[in-house]
Structure formats: structure tokens, C-alpha cells
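# Examination of the molecular architecture
Residues per chain, in single letters:
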Amino acid sequence: MEVLKEKVEEEEEAEREEAAERAERAEKLMQPVEVRKEEVTLTPETLRDLEKQLSEIETPASVGPPVITNDTIDISNLPLSYKTNTPQEEHLLQVAENFSRQYSHLCPDRVPLFLHPLNECEVPKFVSTTIRPTLLPYPDLYNWDGCAQFVSDFLTMVLLPDPLRPPSSLYSSTTVLKYQKGNCFDFSTLLCSLLIGSGYDAYCVNGYGSRDLCHMDLTREVCPLTVRPKEPVKRQERLLSKKYTIKPPRDLSSKFEQEQEMKRQQEIRAKEEKRRQEEEERLMEAEKANPDPLHGLRVHSWVLVLSGKREVPETFFIDPLTARSYSTQDDHFLGIESLWNHRNYWINMQDCWNCCKDLVFDLGDPVKWEFMLLGTDKPNLSLTEEDDNEMNDEDDVENLGKEDEDKSFDMPHSWVEQIEISPEAFETRCPNGKKVIQYKRAKLEKWAPYLNSNGLMCRLTTYEDPECTKTVEVKEWYQNREDMLELKHTNKTTGLIIDYFKPGHPQALRVHSYKSMQPEMDRVMEFYETARVDGLIKREETPLTMTEYYQGRSDFLSYRHINFGPRVKKVALDSAESNPRPMVKITERFLHNSAKPADEDVAERVFLIGEDRIQLRYHCREDRITASKREFLRRTEVDSKGNKIIMTPNMCVSFEVEPMEHTKKLLYQYQTMMHLKDEEKLSRHLAWESELEVLEILKLREEEEAAHTLSISIYDTRRNEKSKEYRETMERVMHEEHLRQVETQLDYLAPFLAQLPPGEKLTRWQAVRLKDECLSDFKQRLIDKANLIQARFEKETQELQKKQQWYQENQVTLTAEDEDLYLSYCSQAMFRIRILEQRLNRHKELAPLKYLALEEKLYKDPRLVELLKVFA
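Residues numbered from 1 in each chain as written. Predicted model: local features only at pLDDT ≥ 70, side-chain atom pairs only at ≥ 80, totals over all residues. Heavy atoms only, no water.

This part is about the overall build of the protein chain. Helix and strand counts for the protein chain come out as 19 helices and 25 strands. Within the protein chain, buried positions represent 37% of all 872 residues. When the accessible area of the protein chain is evaluated, it comes to approximately 54700 Å², of which 52% is carbon and sulfur surface. (Helix = DSSP H or I, 4+ residues; strand = E, 2+ residues; numbered from the N terminus. Buried < 20%, exposed > 50% of the residue type's maximum accessible area, 1.4 Å probe, protein only. Areas by Shrake-Rupley, 256 points an atom, 1.4 Å probe, with all protein chains shown as cover.)

Here the focus is the nonpolar core. Among the nonpolar cores identified, the biggest contains 61 residues, and L195, Y345 and M372 are the most heavily contacted of them. Top contributing element to this core by residue count: helix α8 (residues 184-197), with nine residues. Each residue touching L195, except ones within four places of it in the same chain, is listed here: W144, C147, Y200, A202, V303, V305 and I318. Judged by nonpolar contacts, the second largest core, of 35 residues, contains Y514, I562, M583 and F590. (Core = buried A, V, L, I, M, F, W, Y, C linked by side-chain atoms within 4.5 Å. Contact = heavy atoms within 4.5 Å.)

Given two aromatic rings, their pairing is described by the distance between the two centres and the angle made by the two planes. Across all of its chains, the model carries 18 aromatic pairs by this definition. Ring geometry for F126 against Y345: centres 5.9 Å apart, planes inclined by 55°, an arrangement best described as tilted. Taken as a pair, F126 in the loop between α4 (87-106) and α5 (127-130) and Y345 in strand β8 (residues 345-348) lie far apart in primary sequence, 219 residues in all. Comparing F126 with Y345 shows no difference in burial state: the two are buried. Centre to centre, the rings of Y326 and F333 are 5.3 Å apart; their planes meet at 75°, and the pair counts as edge-to-face. As far as burial versus exposure is concerned, Y326 and F333 are alike and both buried. An aromatic cluster of three or more residues is present, and its members are W302, F317, Y326, F333, F361 and W369. One residue, R429, lies across the ring of F426, its end atom 4.8 Å from the ring centre. When the ring centre of Y478 is taken as reference, the NZ or CZ atom of R481 above it lies at 5.1 Å. (Phe/Tyr/Trp six-rings, centres within 6.5 Å; stacked < 30°, edge-to-face > 60°. Lys NZ or Arg CZ within 6 Å of the ring centre and 35° of its normal.)

The next point concerns the sheet that holds β8. Strand pairing within a sheet occurs via backbone hydrogen bonds; the two strands may be parallel or antiparallel. With respect to topology, seven strands assemble into an open sheet ordered β6-β5-β4-β3-β7-β8-β9, the strand pairing being antiparallel. Two strands in the sheet have a free side with no partner beyond their single neighbour: β6 (324-327) and β9 (369-371). For this sheet the average axis-to-axis angle between neighbouring strands, irrespective of direction, equals 35°. Both strand β5 (residues 316-319) and β6 contribute to a ladder of four bridges, which runs antiparallel. Bridge pairing links F317 to Y326 in β6. (Pairing = 2+ DSSP bridges. Axes fitted to C-alpha atoms, helices over the stretch in contact; angles between N-to-C directions.)

Within helix α6 (residues 144-154), eight of the 11 residues are buried, which leaves it mostly tucked inside the rest of the structure. The set of residues buried in α6 consists of G146, C147, A148, F150, V151, S152, D153 and F154.

This brings us to the confidence of the model for the protein chain. Overall, the predicted model of the protein chain reaches an average pLDDT of 83, with 82% of residues at or above 70. Scored below 50 in pLDDT, residues 1-5 makes zero contacts in the model with residues more than four places away or belonging to other chains. Confidence drops under a pLDDT of 50 for residues 57-67, and excluding neighbours within four residues, the segment shows 22 contacts in the predicted structure. (pLDDT = per-residue confidence, 0-100.)

The contact between α6 and α8 brings their axes to 10 Å, and the two run at 150°. Here α6 is positioned roughly antiparallel relative to α8, judged by the angle of their axes. Classified by chirality, the crossing of α8 by α6 is right-handed. Side by side, α6 and α8 meet where W144, C147, A148, F150, V151 and S152 of the first sit next to F187, L190, L191, L194 and L195 of the second. For the contact of α6 with α8, the class distribution of residues is 10 nonpolar, one polar and no charged. (Parallel < 35°, antiparallel > 145°, perpendicular 65-115°, else oblique. Left-handed = near helix turned anticlockwise from the far one by under 90°. Nonpolar A, V, L, I, M, F, W, Y, C, P; charged D, E, K, R; others polar.)

With that settled, consider the side chain of D499. Here D499 is to be found in strand β15 (residues 497-501). Note on D499: relative accessible area 0%, which makes it buried. Here the side chain of D499 touches K488 through a polar contact of 3.0 Å, side chain to side chain. For D499, the residues in contact, after removing those within four places along its chain, are L485, L487, K488, R510, V511, H512, Y514 and R701. (Polar contact = N/O pair within 3.5 Å; in protein donor to acceptor, adjacent residues only side chain to side chain.)

We now examine the pairing of strand β7 (residues 333-340). Where a strand is regular, its side chains alternate between the two sheet faces. When you tally the buried positions in β7, you get eight out of eight residues, the bulk of the element. In this structure, strand β3 (residues 202-209) lies alongside β7, joined through six bridges in antiparallel fashion. By the bridge assignment, N206 is partnered in β7 with S338. For β7 and β8, the ladder comprises three bridges, and the chain directions are antiparallel. Within β8, the residue paired with W340 across the bridge is Y345. Between β7 and the antiparallel strand that follows it, β8, lie four residues.

Attention shifts here to unusual backbone geometry. The phi torsion at E122 lies on the positive side, around 60°, for a residue other than glycine. You can see E122 is positioned in the loop between α4 and α5. With a phi close to 55°, R441 is a non-glycine residue in the positive phi region. Relative to the assigned elements, R441 resides in the loop between β10 (434-439) and β11 (442-447). Given a relative accessible area of 22%, R441 falls into the partly exposed group.

This next bit is on the packing of helix α18 (residues 764-809) against helix α19 (residues 816-860). Where α18 contacts α19, the two axes come as close as 9 Å, and the packing angle between them is 170°. Our classification of the angle between α18 and α19 gives roughly antiparallel. Two packed elements cross with a definite hand, and for α18 against α19 that hand is left-handed. Partitioning the contact of α18 with α19 into residue classes produces 22 nonpolar, four polar and 13 charged.

With that settled, the discussion passes to the pattern of salt bridges. If charged atoms from side chains of opposite charge come close, those side chains can pair. Enumeration according to the criterion identifies 55 salt bridges in this entry. The residue E89 makes a salt bridge to K125 at a minimum N-O spacing of 3.3 Å. Of the two residues, E89 sits in helix α4 while K125 sits in the loop between α4 and α5, which places them 36 residues apart along the sequence. Between E476 and R459 there is a salt bridge, with its nearest N and O atoms 3.1 Å apart. Within this pair, whereas E476 is found in strand β13 (residues 471-478), its partner R459 is found in strand β12 (residues 456-463), the two being separated by 17 residues in sequence. Of the residues examined, R459 reaches a relative accessible area of 22% and is grouped as partly exposed. Connected through shared salt-bridge partners, R532, D534, R539, E548, R560, E588, R605, E679 and E693 make up one network. (Salt bridge = Lys/Arg side-chain N within 4 Å of Asp/Glu carboxyl O.)

What follows deals with the environment of Q479. Structurally, Q479 can be placed in the loop between β13 and β14 (485-491). When its relative accessible area of 37% is taken as the criterion, Q479 is described as partly exposed. Distance from Q479 to Y450, taken between C-alpha atoms, is 8.4 Å for residues 29 residues apart in sequence. Apart from residues no more than four positions distant in its own chain, Q479 is found in contact with G455, M457 and L710.

Along β12, seven of the eight residues are buried, which leaves the element largely enclosed by surrounding structure. Sheet topology places β11 next to β12; five bridges connect them, and they run antiparallel. For K446, the partnering residue across the bridge sits in β12 and is C458. With seven bridges joining them, β12 and β13 adopt antiparallel strand pairing. Pairing of R459 across the sheet is with E476, part of β13.

With that settled, consider a positive patch on the surface. Residues R781, K785, R792, K795, R839, R842 and K850 make up a contiguous surface patch of positive charge. For the positive patch, the elements supplying multiple residues, two or more each, are α18 and α19. Looking at the positive patch, the element that brings in the most residues is α18, giving four residues. (Patch = residues over 30% accessible without salt bridge, like charges linked within 9 Å, V, L, I, M, F, W, Y side chains within 5 Å. Lys, Arg positive; Asp, Glu negative; His and termini not counted. Charge placed at Lys NZ, Arg CZ, Asp CG, Glu CD.)

Put into C-alpha cells, the structure is as follows:
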């Protein structure tokens, strides 16, 4: 037991010593040594001594197994640039090795530079040549956020083998894209290649990050999809007080009581605010991460985007693992060792004691950023007169000139092949088509298109507790649905479901809010009014009411509200359609029709069906403070004895702002009431149709949810089976037709062989007869063609002669227009005659040659060659 205890104590002591070394190393990393160039005197002796010392220094190389082993990579098909180095690349590696030795000599407390890791073929490659600027033909990859999101979704993150050192290998972006996995350096290289190709001033960064950043841990970050955009504050316009406005009544309430109530409300708010702050502090303390023993030592790579190009207003960082942008003042980024792009390599010579908050990203300042190669596109700072006076020594000038001459080396072209992403891979995005990201009290799931049968593309689940056990709400995004469903928002607390649709739904639905798909329940339906004939915008329904809102109607109807009564029970109740709810009240509101006077334009009419009353309210004129009203008391058209009831004055009660004579007449009132009775029937019918439409929409939505059919574009030949089969059939038919035409054109014996019995073997006499018939037929065709050309030539000549004779006979009486027509005809006729003459002469020259060529082909034809040898 004592021996075991001693071993445990020794292990604890070793761990404490290791932790102390790490802490000391972190202090050295965060406080790099500043090199003052003016203190170094460059003489021939010092240069020789420095060269001897540098040759004895061995720069340690970072070790660690690669992310993708060579067993999984097929390097046989890789190009030659992956397996070997060009002389220019070898020269660059020598320059980098010399630069690394000088850096290790001048800054012995700094970690080794990440300059030339091995590629997938175990060949050392300079990091700048691994970047391949590429602009892909996808609009989503033209902006930095689209590029970052694609890299984050497409690749799977693999942790560094050693969190304290950069990787020993850096594979090409083509290999990383092929296997869809890589570490943070692979992510940064690919993202930097895409950003530079899109025109951004981007750089890969080798630095130090927090544990959450290196591990891609977003459990303490808020999901961007849950952050609601800030609504602009609307400023209330101050109403100007009019001269003759009515003064408000005097406030007779006690001011002392008001002050006491305000104090009491302030105390309640203060207690609530204190309780809320305590709850937030408790939650923050519970969610606070444990101290990281490797804080400040974890190596991480990200992308730096400088301001200027592509109208970038401010320099910022991009974490390629999460596709999120950060300010250069963010606490997640703890320090920078070096950065590079496809043209140069820079070392950070600034102090990182305050993380990256005090860093100046002026890469043209050689005091803050030490560059490796001259010829960088960043301008250098101008030297002062004092610096110029210190460089008067001829030997120093000569040595510096040689040194500059050695450094003036152009960066070789990238050894990586052109980065290409197929449309199928770009559409799939995530590895295996699915990716899950865990945020603070939220989980985000992504799928590739057409991977789910219901078209689900993305799902965001929000939780109430940090452990993510109590679901609050779920948002689901869809694509390629035939029912045009775009988003489904489900509130698990209230049970409310909101469906959002894109334009194109059969019922022109835009939003559908409901708790149950059963009819006559609480629901709200919003429509695309431009796709509907009736201009319906919104329909709200409860068990006893239905409210509809309209826009852009010719009758200026804007609002209809229906109140329902209890349904009459029936013995056989099939459905709500067969037993509709009885209507008690219908309220309709209209917009003002400027073509009518306000006193005659109805603003609101109410049909009290149960009470047999109709109420009208007219629009109010601008110079009036009240509006006219009218109420009709409906009665039965016949009494108990069957006699017809005549309109009486007490059947219409009206209030008119400006009474008019014609409105007081019983005939006018009777006609108005009869018109309103017809309107009531129409309104009741439209309300009944609205109920049927709701039932139809609910039935259609149930069928759509059960089928969830996906739409496939006719241009998607990979998924559209009908289009694919049709295209293949057409291609096969066209190919067969082409082969048949070619065979028919080449087989000059086919018409003559068709005269013989099928399957019969040719005899020598038949072969001779076939040859003679073929030649005679061809000879006759040549003669017919010559005769046809000759006939056309003679016809054109005769017509020209007739025209010339006609001209000579009528030359005196012709007008200038007739002469122009004659000259034009002669010119065209001469052109046709000349062409026919050339064709005839050419035919006479080529006809014998064609005849001899056919005769030679017949003698060489494999079907006749054996039978015609005797006659050859």
C-alpha cells in the first residue's frame, strides 16, 4: 500500500510540474519577443558567424497523425504536382527553412513556425501554395456568409491530434472535399480559397482560441435563428392642438394617492428586476464552463478578412467550423502566431497579452508584421531621414542589396488542382445528407433536399431548460412540396400550429393557424388576395363566429362577421356540411365609395336574422360629427288570414343628419327593404359557401399532410423518372433512325437485292446482272440529271428572249418604273442562266468519274467480290 501511495504522489507531482510548464509556456506565447532591427549590425564577419549558427540549429517539426490516413487515400490518381516539387517550390522551401532558422534564432521563446507541412503524398508543401483561389459557379458562394456556411455544412470537423501544436500535415482542398472531413486548418484553407476567389482580402490564421471555439462547442451560444430582428421604434407624431378643441375634463383624483401608487409600483418593479437578475446570475453560474487548464495554449486556425475589398467596412474574423463572424475584439480569439494568403506569409510581432483586441492588422508595417517574401501587395512603411542616415556604409548597402535580392522571390502557383464541386454534392451539402448542431437551449437539424419524403430541410427545436428536456416550440422548414408548405411552427406549450405557404397553393393559402384540424374550432387563415377572385385576405373562425377581411373588391366590402347559434340536433348527423350551423347575425362593413354621397353610401349593415331586423349605418361626411342610421323591422308578407301586408311607416326607423324628401316616402323605404332582403339572402349564401370552403380546405390539408408529395423540376434529370425515361427513349429512337439512314445511304445494292428472294445465295450470273443493273441505273440517273439541268437552262433562256422581245416592242411606251423592273428581271435571269451553265459543265466533268468510282466499289463489294473476280 505504501508503494502504491508513493506512486500516486509521484504522478501528482509530475502533473503539477507539467501544468506549471504549460503556464510558463503560455506566458511566453502571449508575450513574444520584439526584435529591434536597428540593433543588428550586418558585417561580413557577423554574417558568416550567423550563417554558421543557423546551420547548427534544428527547427523542431510538429508531429501528430494526420486526419485522413494514407490507407484511406488513393494517391495513384493524383497529379504529378501532388507527388513532387518543382524547382521553384524547392527554392521556396529553402527560403522558408532559412527564414525559420533566423526566426528561431532571434525569437527562441516563440513556438516553431507552421510553414511547410506534408501533403497527402507526404511531400512538404509551403502553406501559401496550398491555397487555390477559386470562384465556383454557384450564386450562394459569391458572398462570405454563403461560402462560410457551405464549408461548415459540407465538412465534418476532426480535432487536432495535439491541441498544443499545429498539424504535421495539410492536405489539398480537393482531397478534403472528396472525403468531407478535416481539422480547423483544412477548413480555413478551403474557406480562404473560396473567399479569395470571390474577391475578398482573406487570410488563413494560425493562432490560439478558446476551448469552445476549438471544439466547435455552441452549447453556450444562442442560435441565430432564435434571435428576433429589432423592430424599428415608431415615433409618435405630436398632434398639434387646435384652437377650438374641447378641453379635457378636470382631473379630480388625489395626487397623493397617485404618488403612493407610483411608489408601490416602483417597489414591485424593483423587486421583480432584482429577482430576475438573481435568476439570470444563477443560470449564468450554472451554465458557466469549467476552467480550462489549457487556456491560451489551444492551437486553432480561422480566417481573417481585411476591410477594403468587396466593400467590407471593417476587419473581422470568420470561424470556418461554425460559419459565424466575430469582431477582432472577441474573447474567443486569444492570440495570433502567423497568417498567410496565396502570395505571402506574415509573422505577428505584436504583444498578445490582451488577446487580439490591441492588434493592428496593417500588414505593410514590418515592425508589427514580419513578412517572409518581398513583392507583397501590402505597401511598406516609408523610412525616416534618421534611418536613411544610418545606412551610408557601402558594405552594409551591398550586403543589404544582396539580401533583398535573395528575398525578392515570387510565390509559385498553387500545386492544388482546380477546386470543383458537382451540383449533386453542392445540393447535398451535409455529409450523408444530415447534420445536427446543438446550441444553447436549442437544437438545429439540417437535411439534404429530397432526403426526407415529406420535404423536411431544417428543424429548430427550442427548449425551456439547459438540459434540453422540455420542448417549448418546434420550427420546421420544407422545400419542393406540391402543397407549397414552407414553414411549420408548433408551440408545444399552447398547442398552436402555424403553417406558412409559398404562392401557388390550390386554395391560395398564405398562413394557417390552428390547434386542431377538426372543423368549427379556433383557427385563422390568411390568403394571397391577388390569387383570389373575391379578394379575401383573412378568415378567423371560432366555434360560434366567423370573421372575414377583404381587399380590392368592386362592391367595397372590407369586413364580414357571422354569428352562429346552437346547431339543431338531427337523428342522422353525417357531417357539418349536411347540418350547417344556424346563422344569428351577419355584420358587413364597406369602404367609402367616392362616387356616392356619404349620406347614401352604406358603411355598415347588420342582418339580425333571429330578430327579423336590418340595421344600416352610413358613412359620415367630413363636415359632420355623426352619421345617418336606418333600421328596418321585417315582418311576414301575409297576416294570419292570408292578406298581404302593406309597408307601414313604423316598419322603418331612421335617423338622418340632413333629412331628404325622397327618403321619407314609403315607396323608397319599401324598395330599400326589398333590396336588403335580397342582399341578406346573398350574404347568408356566401357565409354558407365560406363554411363549405373551410371544410374543403381542411380536407385538402389532411390529404396533403398524408401524401406530402414532392415536386420535381423537369430539368432535374436525376430524379424526374418520367423525363429521364422519355429522354432515353427519344435518344434510342433517334440513334436507331440515324443508323437506319446511314445504312440506307451506303447500301447502293439494297434496291436491287430486294428484288431477289430473301435468304437465297447469289449466283455468278445474278451478281453480274446486279452489277449491270446498278451501273445502268446510275448512268440513267446521271443522264436524267443532265437533261433536267439542260431543260431548266433552255427554259430560262427562252423566257429571257421573250422578255427582251417584249421590251423591244414596247420600249417607247414604257415608264421609268417598268424599265427598272425589266433591268432587274434581266439581271436575275442572267444570274440563274450562268449558274445553270456552270452546274451543267461541272456535271459533265464529274459524271464519268462518278460512274468509274461506282464501278470500282461494285467490284470491291464483299457480296460481289468473289463472284466478279473472273470479270475483273
